[in-house]
Amino acid sequence: RDGCISGKCCTEPVPCTEAALSGFSNRWTLRMMLGRGITPRCSGKGARVRNSMSPRPALCSTADADTNSDIVDVAIVGGGLAGLALACGLCSRDLPVRVRIYEAAPQLRTATSTLIDLGGNAFSALEALHPDIVPALKEAGALRTRAVFHRYSKQPNASEPEQEVIPVQGRPGGASYGLRWSEVQRVLADLVPPEVVQCGYRVTGFTEVEGGVLLHFKDKPDVLARLAVAADGVRSALRATMLPQDPGPRYLGHMNWNALLYNPDNSVVDAHQPGEMQVHINGFMGDSGQWDRSVYVLDAGGGYTFWQLRIPSPQPAFTQATEGTSDFSAEPKLAQLVGGGLGIPGSKARVEQLLTAAGFELPLRIVQATPESAIFERGLLDRVPLDELGAGLASAGGRVLLLGDAAHAMHPGPGQGARTAFEDAHQLMEALLHHWPPCSAAHSQQPRPHTGSLGSDLAPHKHSGDDEGNTVPVDNKRTELSEATSPLACTVAEEQDALLNVANQYQAARLARICRLQRYAAENCGLASIYEPLKATSGNLSPEDRQARRSEFITWLSQYPSNPTGDPTSRFWPPPPPGQESLPGGPSSQL
């Protein structure tokens, strides 16, 4: 290790020079690798070190899990940011749990065209999960320095757009960083032992059994777990199984195109200053809160420029419609929402046409410099807040918990999707640390379907299915829990009680907060049928009051983990009165 730090060598037989090590752009990752006994690899003639910022196959296993002899303590379904963050926290703690991530894709994604903005509440949650995460993210991202607003007239042949420069440092919420989604995933994946991540596991459903939950996968053996965490995204198959009354993903009236362009020092196109965010809007925001079209251009760190175009569209309007459903969609009824994706033929020409019609000259030049293969097209979706469905974050048997977008997918307007997912991971880890059973239930019999709900005696909770919706018989699963017991055994009831305490603590910390955030985010959507009733509840606010409300919203969220349900000093975001954390008809705070 000392030899590498001084530049003497990396791995035999190829030596590294000081210049080679200085070329390792993510110095925090280098320190972390050396501290964990992992030596960076040299290539060529000893003059280069592979840059950890460049795409590389993510570490994961595609071998079938040994489900006949082992029970997984915590099975995380989904290898996105929320699932990886939770695994980071659990794997770094002295907690006797066997954690596995089951990811549908053949490998963790290494290339996306997505940027996320992190700071404040996200960094507080990530610091609590693992001390190495935030320093690595700050080095990989771009510190936001200022925002420049360009306001164009909707009238043809209008004059130059009005411009307003707003410093963002020192504003409510603290410093924020723009980060490529793939870089955040890389930082998290580097902190998870590779054997934890199992790729090629596409979940189709679950069955709660006495003492555990059986997870069903397409063309893979079932997996038996004590606790399952549904981190499988906005089209969550586990949420669809858990909540049959849920209408599924909801289209929000916006079409979106975004891309990442490698543009170090503006060498490809003059796009932005370091740390700058540019906002181009067509017309002024009126009482409806809607722009005809908007473009964001941001420094994404690592020499990348991020751009995004968003337009209102009453119906999904993909450049090329997709027949049927996506491979990763578990809900055939949503065929009309399937389309778009990365590198859709014709998508670049369509974006150029929209920008030309709006007179957005600078964004147009950036798009023209962007390969079509890097442009990602999508319709914006969210999920109906759980309290409006009379539901909570846990399944009827308490063995499946929702996390991230599976729990609260929201409009990206307030920039809180990833941030709240990291809050989820932190709060669930805290609940597990407080209540994880110090024993395991011993059984000699095969698992039986769970026949009691949380505090009531209901019919068996049998949830399973394949991609066509056909029921998968539980009887074909022959896993014996007795083979997975620890030396200290407890009864099924004792283990169940401990896991119910986990679910209750997690739900008490998260449910009211995430539902409140989802409704505020939905005010930014493009469908009047959604945003008008929501805005009516906040009253007829003046532009000044709307700005104050947004500022107080950011201030409240920056107080995380304090004041989870509201800011007692806020005019617009005080905590709900006791007992009214949910909407009428919503769930109680306890399972």
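Residues numbered from 1 in each chain as written. Predicted model: local features only at pLDDT ≥ 70, side-chain atom pairs only at ≥ 80, totals over all residues. Heavy atoms only, no water.

K.L.:
Hey, could you run me through the packing of helix α4 (residues 81-91) against helix α12 (residues 417-435) in this one?
P.N.:
The axes of two packed helices give the description: the angle between them and the distance between them. Where α4 contacts α12, the two axes come as close as 9 Å, and the packing angle between them is 35°. Handedness of the crossing formed by α4 with α12: right-handed. Here Leu81, Ala82, Ala85, Leu86, Gly89 and Leu90 of α4 lie close against α12, whose contacting residues are Ala421, Phe422, Ala425, Leu428, Met429 and Leu432. Its residues assigned to classes, the contact of α4 with α12 shows 11 nonpolar, one polar and no charged. (Axes fitted to C-alpha atoms, helices over the stretch in contact; angles between N-to-C directions. Helix = DSSP H or I, 4+ residues; strand = E, 2+ residues; numbered from the N terminus. Left-handed = near helix turned anticlockwise from the far one by under 90°. Contact = heavy atoms within 4.5 Å. Nonpolar A, V, L, I, M, F, W, Y, C, P; charged D, E, K, R; others polar.)

K.L.:
I tried to follow the pattern of salt bridges on my own but got confused; where do I start?
P.N.:
Side chains that differ in sign of charge can pair as their charged atoms come close. For the structure on display, the rule yields 20 salt bridges. Its salt-bridge partner being Arg513, residue Glu423 comes within 2.8 Å of it at the nearest N-O pair. Pair noted here: Glu423 is in helix α12 and Arg513 is in helix α13 (residues 492-522), with a separation of 90 residues, a long-range link. Residue class for Glu423 comes out buried when judged on its relative accessible area of 0%. Classification of Arg513 by relative accessible area gives buried; the value is 1%. Several salt bridges share partner residues, and in doing so they unite Asp73, Arg226, Arg399 and Glu495 into one network. (Salt bridge = Lys/Arg side-chain N within 4 Å of Asp/Glu carboxyl O. Buried < 20%, exposed > 50% of the residue type's maximum accessible area, 1.4 Å probe, protein only.)

K.L.:
Looking at this structure, I do not really get the side chain of Ser236. What am I missing?
P.N.:
On the secondary structure map, Ser236 appears in the loop between β13 (220-230) and α8 (237-242). Residue Ser236 is classed as buried on the basis of its relative accessible area, which comes to 0%. Engagement of the side chain of Ser236 in a polar contact is seen with the backbone nitrogen of Leu238, the distance being 3.3 Å. (Polar contact = N/O pair within 3.5 Å; in protein donor to acceptor, adjacent residues only side chain to side chain.)

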